[in-house]
Amino acid sequence: MVSNATAKVELTIDGQSLKVDATATVLEVALAHQVEIPYFCYHPYLSVPGNCRQCEVKVGSRQEDGSIRWMPKLQVSCNMPVAEGLVVDTRCDEVIQAQKNNMEFLLINHPLDCPICDQVGECWLQEHAYTAGMGETRFREEKVHMDKRVDIGPHVLLDKERCIQCTRCIRFCDEVTGTSELALMARGNHTEVDIFPGRPLDNPYSGNVVDICPVGALTLKEFRFKSRLWFLKTADSICPGCARGCNIKIWHRDHAIARLTPRDNPEVNKSWMCDQGRLLAPTLEAGERVREPRVEGKAVDWQEALDEAVSRLRRSGRPAGVIHPWSTLEEGWLALKVLAAAGEGGRPMLMALPAHEQGEDDDLLLRADKSPNRRGLENLLTARDAESASVADLLDRAVAGELSALLVVGEDLATLVSEEKLAAATAAGLELIVVASHENATTRAGTIVLPAGIFPEVDGTVVNFQGRVQVMRAAYPPPFLARTGAWILTRLASRLGDGSEDARPRDLFDELAAQVPAFQGLTFARLGAGGCVLPGGACETPASGSVG
Ligand code: SF4
Ligand code: SF4
Ligand code: FES
């Protein structure tokens, strides 16, 4: 028996014959096959109310004699199931006229304040007005005026006049967060979207309503009027805010994050992200950056800093390492290579992967583990038989004279142990080789400080809590004289005789995948847009990078 999920039907859209899943709708098939049908209220992860009417198409069924029996009225394609022999016309005069009529209704009370609207450049109303707008209005009456700049929550402002009542935001709060803060109030042309008195839109995912609002009715306070979209560049990356690893787009300008928005990955975050992740930028951009390489407090060039670091690591006989779970797989792999190459051999590498404070979690996306790559780094440590230790243990060994060099990648040790304990270890002769983005107690105590990049300046791969390997892409390079962690560590490893200093993150991933059993069968090229799950490397590639 063929299950419904795999059953296929044959239909024709604009003369194109297609074999498609029997459970799909006409709009889903059209979107998957690049047939353009305009729409507003449909969203792939929400229920289908069919209320905007912009997606109407002409539908008929092919008769035995080859003729087509058309349905008497146009149908909304978002709510029209496919069927064997269905014939769909998305371009005939009747459909184009229906789109124009609908647009005319939608624009009657619209304020047309595009020059001061933040949605310009990504407004669906504006976009469809270009293709199906009348070009001029026949409406001579006074428009209905509504409140603008309504503060409906800590992150979201509402402009009621711009709302086209598609109900996407309402359905998100009803169906995804289950918090139901928003509703349609009043009737007729006075219908407006609003919150209930005293109940702000303050759920931990409130920013998503801004992403899915097809017009400029909902805007994010933190991004409002910050930049026109066409001045921004984008990079597809992974949120480093927790072990979920939501797929995101970094919008940036002048080496700074302008906003973070979700990218579609049905297996990880659908097309949502939490407000904590969305608003990470101020935390990432706070604090003083390490500007140049230093040896014993003195600024030096990279050549000297790297040579000095190698000589101190080698001199120690058995250096140990500490790696922050924000580090990429490539940084972790390289740190292990550096320790192995600098050690005298015969004994396992000594490495700490510190536990950090757990945070908030829920049933939707947020994970208590705020480390984007703990699972990936654990795999590497196991594969290289590294002896694991706590930071406190390593510092005790230094005080006891058993450890004289510590490679610290991304961690501020003083957030894990007291500054006194750190000072006691350095006073006992422990040399700290610190790869760090920001100045902190560890860089101040560092013998050698190597300025490094941090998200979103870093290319590499991370493994989320599901075991999915995903690609993080840099939006812009690290500032001042800083370099990425992978750049620094490849040069240390190369000076110690392990590998070329020209290895790129993708080469390093392929190298580690060939040697670490959990990653076997994977290559950087296979990871694609959707990532691959460990072990075994099942990879899916989402159809598109973003969902409107
Ligand atoms: S505010 Fe935006 S998402 Fe909500 S109903 Fe209006 S147009 Fe739709
Ligand atoms: S759930 Fe986690 S990974 Fe996703 S956006 Fe929030 S902090 Fe980032
Ligand atoms: S998208 Fe089909 S009715 Fe709105």
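Residues numbered from 1 in each chain as written. Chains lettered and ligands numbered in written order. Predicted model: local features only at pLDDT ≥ 70, side-chain atom pairs only at ≥ 80, totals over all residues. Heavy atoms only, no water.

### Describing the sheet that holds strand β23 (residues 460-463)
Put simply, the test is: Criterion used throughout: strands pair if DSSP finds at least two bridges between them. To qualify as a helix, a DSSP run of H or I must reach at least 4 residues; to qualify as a strand, a run of E must reach at least 2; elements of each kind are numbered from the N terminus.
Across the sheet, four strands lie side by side as β23-β24-β25-β26; this open sheet has antiparallel pairing. Of all strands in the sheet, those bounded by a partner on one side alone are β23 and β26 (538-539). Where strand β24 (residues 468-472) and strand β25 (residues 532-533) come together, two bridges link them in antiparallel fashion. Note that in β25 the partner of R468 across the bridge is V533.

### Let's talk about helix α8 (residues 302-315)
Using the following cut-off: To estimate the expected span of a helix, count its residues, drop one, and scale the result by 1.5 Å. Burial status follows relative accessibility: with a 1.4 Å probe on protein chains alone, a residue under 20% of its type maximum counts as buried, one over 50% as exposed, and anything between as partly exposed. For this quantity, the arc is that covered by the directions from the helix axis to the C-beta atoms. Any two residues whose heavy atoms approach within 4.5 Å at even a single point are treated as in contact.
An ideal rise of 1.5 Å per residue puts 20 Å on 14 residues; α8 measures up with 20 Å between its terminal C-alpha atoms. Those residues of α8 lying buried are W302, A305, L306, A309, V310, R312 and L313. End-on, the buried residues of α8 take up no more than an arc of 165°, which puts them together on one face. At its buried positions, α8 is contacted by β15 (294-295), α9 (329-342), β20 (405-409), β21 (431-436), β22 (448-451) and α14 (485-495).

### Thoughts on the site of ligand 2
Note the cut-off: The nearness test applies per residue and asks whether one of its heavy atoms lies within 4 Å of the molecule or strand. Throughout, the ten residues Ala, Val, Leu, Ile, Met, Phe, Trp, Tyr, Cys and Pro are labelled nonpolar, Asp, Glu, Lys and Arg are labelled charged, and all others, Gly among them, are labelled polar.
Taken together, the neighbourhood of ligand 2 is formed by C239, G241, C242, R244, G245, C246, M273, C274, G277, L365 and L366. Tallied by class, the residues present in the shell around ligand 2 amount to seven nonpolar, three polar and one charged.

### So, helix α4 (residues 168-176)
Among the nine residues of α4, seven are classified as buried, and the element is accordingly described as predominantly covered. If you follow the buried residues of α4, they end up packed against α3 (124-132), β9 (182-185), β10 (192-195), α5 (208-212) and β11 (218-220). After α4 finishes, the residue G178 shows a positive phi value of roughly 65°.

### Some remarks on the site of ligand 1
Rules: Here a cavity denotes a set of grid points, spaced 1 Å apart and computed over the protein atoms alone, in which a 1.4 Å probe fits but from which it cannot get out, and a pocket denotes an open set meeting protein on both sides within 12 Å along at least five of seven lines; residues with an atom within 4 Å of a point are reported as lining. Think of it this way: a molecule belongs to a cavity or pocket when more than half its atoms come within 2 Å of the grid points there.
Within the structure, ligand 1 sits among C163, I164, Q165, C166, T167, C169, V193, C213, P214, V215, A217 and L218. When each cavity is represented as a set of grid points, ligand 1 is found to reside in the largest cavity. Within the shell around ligand 1, the residues separate by chemical class into 10 nonpolar, two polar and no charged.

### Structural notes on unusual backbone geometry
Cis geometry is found at the peptide bond from F455 to P456, where omega equals 10°. Note on placement: P456 falls in the loop between β22 and β23. With an omega of -20°, the peptide bond between L534 and P535 qualifies as cis. If you trace the backbone, P535 turns up in the loop between β25 and β26. Of note in this structure, K270 is not a glycine but carries a positive phi near 50°. Looking at the secondary structure, you find K270 in the loop between β14 (256-262) and α6 (275-278). The residue E296 is not glycine, and still its phi comes out positive at about 45°. Examined against the element boundaries, E296 turns out to sit in the loop between β15 and β16 (298-299).

### Considering the pattern of salt bridges
Worth spelling out the cut-off: Salt bridge criterion: a side-chain nitrogen from Lys or Arg within 4 Å of a carboxyl oxygen from Asp or Glu.
Across all of its chains, the model carries 35 salt bridges by this definition. Salt-bridge contacts for E56 lead to R53; the nearest nitrogen and oxygen are separated by 3.8 Å. Take E56: its relative accessible area is 16%, and that puts it in the buried class. E387 is paired through a salt bridge with R318; the nearest N and O atoms lie 3.2 Å apart. You can see E387 sitting in strand β19 (residues 387-388) and its partner R318 sitting in the loop between α8 and β17 (320-323), a full 69 residues away along the chain.

### So, the pairing of β23
Taking every second residue as pointing to the same face, both faces of β23 are buried, with G460 and V462 on one and T461 and V463 on the other. The hairpin turn running from β23 into β24, its antiparallel successor, is four residues long, and G467 in that turn takes a positive phi close to 85°.

### Digging into the domain arrangement of the protein chain
What counts here: By convention here, the domain bounds are inherited from an automatic or database domain assignment.
Partitioning the protein chain into domains gives domain 1 (8-91), domain 2 (141-285) and domain 3 (294-539). A straight line from the C-alpha centre of domain 2 to that of domain 3 covers 35 Å. Every contact between the two is made by 34 residues of domain 2 and, on the other side, 30 residues of domain 3. Applying the counting rule to domain 2 against domain 3 returns zero salt bridges. Put simply, the parts of the chain that give the side of domain 2 that touches domain 3 at least two residues each are β12 (233-238), β13 (247-253), β14 and α7 (281-285). Its residues placed into classes, the side of domain 2 that touches domain 3 shows 19 nonpolar, 10 polar and five charged.

### Focus: the packing of α9 against α14
Heads up, the condition is: Fitted lines through C-alpha atoms serve as axes, helices being fitted only where they are in contact, and the angles separating the N-to-C directions of these axes extend from 0 to 180 degrees. These descriptions rest on fixed angle ranges, namely under 35 degrees for roughly parallel, over 145 for roughly antiparallel, 65 to 115 for roughly perpendicular, and the rest for oblique. Handedness of each helix crossing follows the sense of rotation of the near helix against the far helix: counterclockwise by less than a right angle gives left-handed, clockwise gives right-handed.
Look at α9 against α14: their axes get within 9 Å of each other, and the N-to-C directions meet at 20°. Taken together, the axes of α9 and α14 lie roughly parallel to each other. For the pair α9 and α14, the sense of crossing is left-handed. Facing E331, L334, A335, K337 and V338 of α9, the residues of α14 in contact are G485, A486, L489, T490, L492 and A493. Residue composition of the contact of α9 with α14, by class: seven nonpolar, two polar and two charged.

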